[in-house]
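Survey of secondary and tertiary structure
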Amino acid sequence: VDTARGGTLPDRVLIYESALRMFRDRPLLGFGPDSFGVAYLRYREPGSEAIFNFERHNSAHDWILQTAVTTGAVGLAALATLIAVFARSLWALSARKAVIGGALLAGLAAYWAQGLLTVGSISVDWSPWVAFGAAAAARGALPAIGYRPRRAVGMHVAVAVAALIGAASVGGAFRASTDAKTAALQTQAGKGPAAVVAAASAVRLDPGRSEYWVQLGRARAAAGSEREAGDAYAEATTRDPWNPDYWQHLAASRARLAIAGDRSRGGAEAALAASARVVQADPNTSGSHFHLATVAYNLEDMRTALRSAVRAIELYQGNAEYDRVAALAATKLGDAEARALLESALARKESAALRLALAEVALRLNDRSAARANAVRALELDPQSEDAAKLIRSIDGN
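These remarks concern the structure in this document. Sequence order as written defines the numbering, with residues in each chain counted from 1. In view of the model being predicted, local features appear only for residues whose pLDDT reaches at least 70, and side-chain atom pairs are presented and counted only at 80 or more, with totals across whole chains, interfaces and linings using the full set of residues. Hydrogen atoms and water are omitted, and side-chain values are computed over all heavy atoms in the structure.

Further remarks concern the environment of Asp323. The residue Asp323 is located in helix H15 (residues 320-333) in this model. With sequence-adjacent residues up to four places away left out, Asp323 is seen in contact with Ile313, Lys349, Ser351, Ala353 and Leu354. We call two N or O atoms a polar contact when they sit within 3.5 Å, provided that within protein one can donate a hydrogen and the other can accept it, with sequence-adjacent residues counted only if both atoms are side-chain atoms. Here the side chain of Asp323 touches Ser351 through a polar contact of 3.1 Å, side chain to side chain. We count a stretch as a helix when DSSP gives it H or I for four or more residues in a row; a strand needs E for two or more, and each element gets its number in order from the N terminus. Whether two residues touch is decided by their heavy atoms; if any such pair falls within 4.5 Å, the residues are in contact.

Note on patches: the residues involved have over 30% relative accessible area and no salt bridge, like charges join within 9 Å, and the nonpolar side chains Val, Leu, Ile, Met, Phe, Trp and Tyr join within 5 Å. Per-residue and other accessible areas were derived by the Shrake-Rupley procedure at a 1.4 Å probe size, with only the shown protein chains allowed to occlude residues. A pairing counts as a salt bridge when a side-chain nitrogen of Lys or Arg comes within 4 Å of a carboxyl oxygen of Asp or Glu. On the surface, Leu28, Leu29 and Val74 cluster together to form a nonpolar patch covering roughly 300 Å² of accessible area. Its place among the elements puts Val74 in helix H4 (residues 63-96). Each residue is assigned to one of three classes by its accessible area relative to the maximum for its type, calculated with a 1.4 Å probe on protein chains only: buried under 20%, partly exposed between the two thresholds, exposed over 50%. In this structure Val74 comes out as partly exposed when scored by relative accessible area, which is 44%.

This part is about unusual backbone geometry. Backbone geometry places Asp34, a non-glycine residue, at a positive phi of 60 degrees. Along the chain, the position of Asp34 falls in the loop between helix H1 (9-25) and helix H2 (36-43). Judged by relative accessible area, Asp34 falls into the exposed class, the value being 74%. The backbone of Glu300 sits at a positive phi, close to 65 degrees, despite the residue not being glycine.

Any two side chains of opposite charge can pair, given that their charged atoms come close. Counted under the stated rule, the structure contains 25 salt bridges. The residue Arg256 makes a salt bridge to Glu226 at a minimum N-O spacing of 3.1 Å. Within this pair, whereas Arg256 is found in helix H11 (residues 244-259), its partner Glu226 is found in helix H10 (residues 226-239), the two being separated by 30 residues in sequence. Of the residues examined, Arg256 reaches a relative accessible area of 42% and is grouped as partly exposed. Measuring nitrogen to oxygen at the nearest pair gives 2.6 Å for the salt bridge that ties Arg239 to Glu235. Of this pair, Arg239 and Glu235 both sit in helix H10, four residues apart, which is roughly one turn of that helix. For Glu235, a relative accessible area of 30% gives the class partly exposed.

Below you can see the structure in the form of structure tokens.
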């Protein structure tokens with residue numbers, strides 16, 4: 001059943017299942033307001049990326065689950081109480097003013113009903129608060145509260161000072177945002193030094209934003225400072241350790257240094273450790289595992305490369321590049337584990353690249369019959385494969 005927003009009902013059930021597991025792990029206070037997207041990557045269902053087109057969800061598509069995940073049972077109970085109290089007030093208002101009270105009550109009921117199957121939106125999220133405000137107004141004016149002018153002056157001064165401090169901080173944040181945008185444009189234009197100046201200004205004005213540190217890393221990389229670029233990416237991961245993209249930037253930077261022979265930032269071990277954090281942050285996405293596979297392959301850790309590439313294939317069968325890297329790593333290993341891993345991948349997906357790799361591994365293990373059978377199958381899948389035909393001729397002694 002297609003819905004107006006967010007795909008089909010079976011698709012949404014996958015999100016619900018993830019949300020329920022998130023709530024189970026933090027039932028009391030949840031993961032924090034607006035933090036569904038932060039936690040979702042660790043809880044999404046294996047293989048769901050093929051259904052959702054690799055989309056990262058930041059909503060449970062249900063206000064009950066959204067509230068439970070982000071604020072826990074405490075927040076859910078508070079919201080349920082709020083809805084019940086104001087709904088009762090609107091019901092009482094409808095008895096006196098049927099048109100106003102009835103319209104507000106119907107609008108409130110419609111909002112929460114549609115929220116059971118969709119995400120929030122700024123275009124409609126104001127509506128329950130209008131109903132709440134009307135319910136409060138219907139109770140009548142509050143009694144006047146007396147105050148002492150001398151105390152009021154002090155309060156006004158405190159509020160004014162707080163407002164000035166807040167305005168100053170907003171100004172700095174706005175300038176930081178502008179500088180980060182300038183840095184991005186300069187990086188795209190290939191003007192590395194100018195990009196570094198702008199990005200450095202952004203992180204100086206607003207150092208808590210991890211994305212500004214990523215922009216500084218990109219600028220430094222464009223300027224040819226790979227060590228310092230990696231250091232900036234590391235700062236981003238410190239501030240947001242659950243974002244797999246930041247770990248990917250760090251892993252790629254450390255890998256480039258290691259390949260160049262520079263071990264000043266930890267060498268291959270540091271690159272592989274950062275790649276492992278990508279998988280830890282987003283364990284059920286094929287891209288995370290394939291990133292680890294490519295880093296490991298380029299650092300000549302073929303066993304990790306093969307294991308990770310096969311895991312990527314198990315999670316998603318639509319990318320032929322996964323097969324290619326798995327095949328390359330397997331043929332370089334050529335042992336029993338390589339054979340077992342290729343067979344595991346072929347149980348999920350059959351391709352000429354995987355079959356040919358299995359044939360080559362089997363031949364190295366002196367299993368000529370299996371080697372020939374797999375080479376023949378590879379040629380059936382790809383009749384233009386010269387490598388498969390050559391392997392068959394070699395096995396047949398031609």
